Amino acid sequence: MIHTFHGHVLDGYFALWLSRLFVIIERWLARRPDRLIAVSPSIRDELLKKGIGRRAQWVVIPLGLELAPLAQLSLPTPAASVRVGLVGRLVPVKNPGLFLEALACLAVQPRGGAVSGLVVGDGPLRAALERQALRLGLDGRVRFTGWQRDLPAVYEQLDVVCVTSWNEGTPVSLIEAMAAGRPVLVARGLAWDHLESFGAGFVFDRTEASVCEVLRKAQFAHMEVVPFYARLSLAEQQKVFAPHTGRRVVLATNVAETSITVPGIRYVVDVGLARVKR
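So, how was this worked out
Residues numbered from 1 in each chain as written. Predicted model: local features only at pLDDT ≥ 70, side-chain atom pairs only at ≥ 80, totals over all residues. Heavy atoms only, no water. Helix = DSSP H or I, 4+ residues; strand = E, 2+ residues; numbered from the N terminus. Buried < 20%, exposed > 50% of the residue type's maximum accessible area, 1.4 Å probe, protein only. Contact = heavy atoms within 4.5 Å. Areas by Shrake-Rupley, 256 points an atom, 1.4 Å probe, with all protein chains shown as cover. Axes fitted to C-alpha atoms, helices over the stretch in contact; angles between N-to-C directions. Parallel < 35°, antiparallel > 145°, perpendicular 65-115°, else oblique. Left-handed = near helix turned anticlockwise from the far one by under 90°. Core = buried A, V, L, I, M, F, W, Y, C linked by side-chain atoms within 4.5 Å. Patch = residues over 30% accessible without salt bridge, like charges linked within 9 Å, V, L, I, M, F, W, Y side chains within 5 Å. Salt bridge = Lys/Arg side-chain N within 4 Å of Asp/Glu carboxyl O. Expected span 1.5 Å × (residues − 1). Pairing = 2+ DSSP bridges. Polar contact = N/O pair within 3.5 Å; in protein donor to acceptor, adjacent residues only side chain to side chain.

How should the overall build of the protein be read in this particular structure?
Helix and strand counts for the protein come out as 11 helices and 11 strands. The buried share of the protein, reckoned over its 278 residues, is 40%. In the protein, of all internal contacts separated by at least 6 residues, the share reaching a separation of at least 24 is 63%. Working note: accessible area of the protein is about 16200 Å², and carbon and sulfur atoms make up 56% of it.

Hey, could you run me through the packing of helix α4 (residues 96-107) against helix α5 (residues 126-135) in this one?
Between two packed helices, both the angle of their axes relative to each other and the distance between the axes serve to describe the pair. It is the contact of α4 with α5, at a shortest axis distance of 10 Å, that shows an interaxial angle of 15°. The orientation of α4 relative to α5 falls into the category roughly parallel. For α4 against α5, the interelement crossing comes out right-handed. In contact with P96, G97, L100 and E101 of α4, α5 contributes L129, Q132 and A133.

Looking at this structure, I do not really get the nonpolar core. What am I missing?
Generally speaking, soluble globular proteins have nonpolar side chains that are buried together. If you look at the biggest cluster of nonpolar residues, it comprises 19 residues, and the most contacted ones within it are V84, F99, L100, L138, V142 and F144. Elements supplying a minimum of two residues to this core: β4 (82-87), α4, β5 (115-120), α5, β6 (142-146) and β7 (160-163). L118, L174, M178 and V186 belong to the second largest nonpolar core, which has 18 residues in total.

Explain a nonpolar patch on the surface to me, please; I cannot follow it from the model alone.
There is a patch of nonpolar side chains on the surface, built from W17, L21, I25, W28 and L29 and spanning about 540 Å² of accessible area. Within the secondary structure, W28 is located in helix α1 (residues 16-29).

Please clarify how α4 should be interpreted in this entry.
Each full turn of the α-helix corresponds to 3.6 residues, which orients residues three or four apart in the same direction. Along its 12 residues, α4 runs 17 Å from first to last C-alpha, staying within 8% of the 16 Å computed at 1.5 Å per residue. α4 sits mainly inside the fold: 9 of its 12 residues count as buried. Along α4, the residues classified as buried are P96, G97, L98, F99, L100, A102, L103, A104 and L106.

Would you mind showing me how to read the pattern of salt bridges here?
Proximity of charged atoms lets side chains of opposite charge pair with each other. On inspection of all chains with the given rule, the structure shows 5 salt bridges. Across the pair R126 and D122 runs a salt bridge whose closest N-O atoms are separated by 3.2 Å. One network of salt bridges, with partners in common, ties together R44, D45 and R55.

Would you mind going over the environment of A30 with me for this structure?
Tracing the backbone through its elements, the reader meets A30 in the loop between α1 and β2 (35-38). Given the relative accessible area of 2%, A30 is considered buried. Expressed as a C-alpha distance, the spacing of A30 and I52, which sit 22 residues apart in the sequence, is 6.1 Å. Setting aside anything within four residues of it in sequence, one finds A30 in contact with L36, I52, G53 and Q57.

Explain the environment of T4 to me, please; I cannot follow it from the model alone.
Turning to its location among the elements, T4 is positioned in strand β1 (residues 2-5). Taking the relative accessible area as the measure of exposure, T4 reaches 40% and is therefore partly exposed.

Honestly, the sheet that holds β1 in this entry has me stumped. Any pointers?
Backbone hydrogen bonds are what pair the strands of a sheet, in a parallel or an antiparallel way. Here 3 strands make up an open sheet; going across it, the order is β1-β2-β3 and the pairing parallel. Both edges of this open sheet fall to β1 and β3 (58-60), since each of them pairs with a single strand only. When the angles between neighbouring strand axes are averaged without regard to direction, this sheet yields 25°. Here 3 bridges tie β2 to β3, and the two strands are oriented parallel to one another. The residue of β3 that forms the bridge with L36 is W58. Together, β1, β2 and β3 form the strand contacts of helix α2 (residues 41-49), whose direction differs from that of β3 by roughly 160°.

Would you take a moment to explain the side chain of T164 for this structure?
Secondary-structure assignment places T164 in the loop between β7 and α7 (172-179). Only 2.8 Å separates the side chain of T164 from the backbone oxygen of K94, close enough to count as a polar contact. A polar contact is formed between the side chain of T164 and the backbone oxygen of N95, at a distance of 3.0 Å.

Would you mind showing me how to read unusual backbone geometry here?
Trans peptide bonds make up most of the peptide bonds, and negative phi angles are found at most residues other than glycine. Backbone geometry at N95 places phi at a positive 55°, although glycine is not the residue there. Counting through the fold element by element, N95 comes out in the loop between β4 and α4. Given a relative accessible area of 14%, N95 falls into the buried group.

This is the structure:
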């Protein structure tokens, strides 16, 4: 017998007493299956902490997603306006109101006029969120699209993707955004295994001020990062000499030599640290 968890509803979905009741039920049900399957290590570990199943029962099978079309998208280019998106169901556990509050906070910053929002998805909170957007003075700054089937077209419109959820099983929008080469903003404590597997992102606390500050920093995230190490193939090393537009950061082990041989270097940062594998 097999029991699968594509996520769980044991935090943030129901009243505390009802969540505790569901945990007791899941503990009882977990005694019977031969295997318990989770879609990520974080889900497995969360459920183990709640006393659901034994470690020997658990197997992690990642969610299968068609990411090839997203990987073919061009990277965001530096622009005067940064387009920030929230993609997913508009339900309480996704905490979408925080996204709007952060945009409103950012709007009063010196560079706030350069940011716009896109909410992709639908759900029972949509009407309330649209009213909240008007109340926060975001009319014309944020747009609600409803459900969309053409994912490449969605992510092509975005420069940064935000995940504000209270909890996630597998944060699909985060994975899709990384596949599309978009920076991600993730609530602290969410999806560390996905960040480590697919790339890097900005992490924020669940307050509008925290998200606002991270969004402000993300406006400077539209730059190309090119590695330049001796262990790379010759073809990969030659990429650093290829023509490019916009800002570029070159990561090199030999900082001094790179600053001389690579054309167009304006600034050199040497942290004075080295990690040697012996």
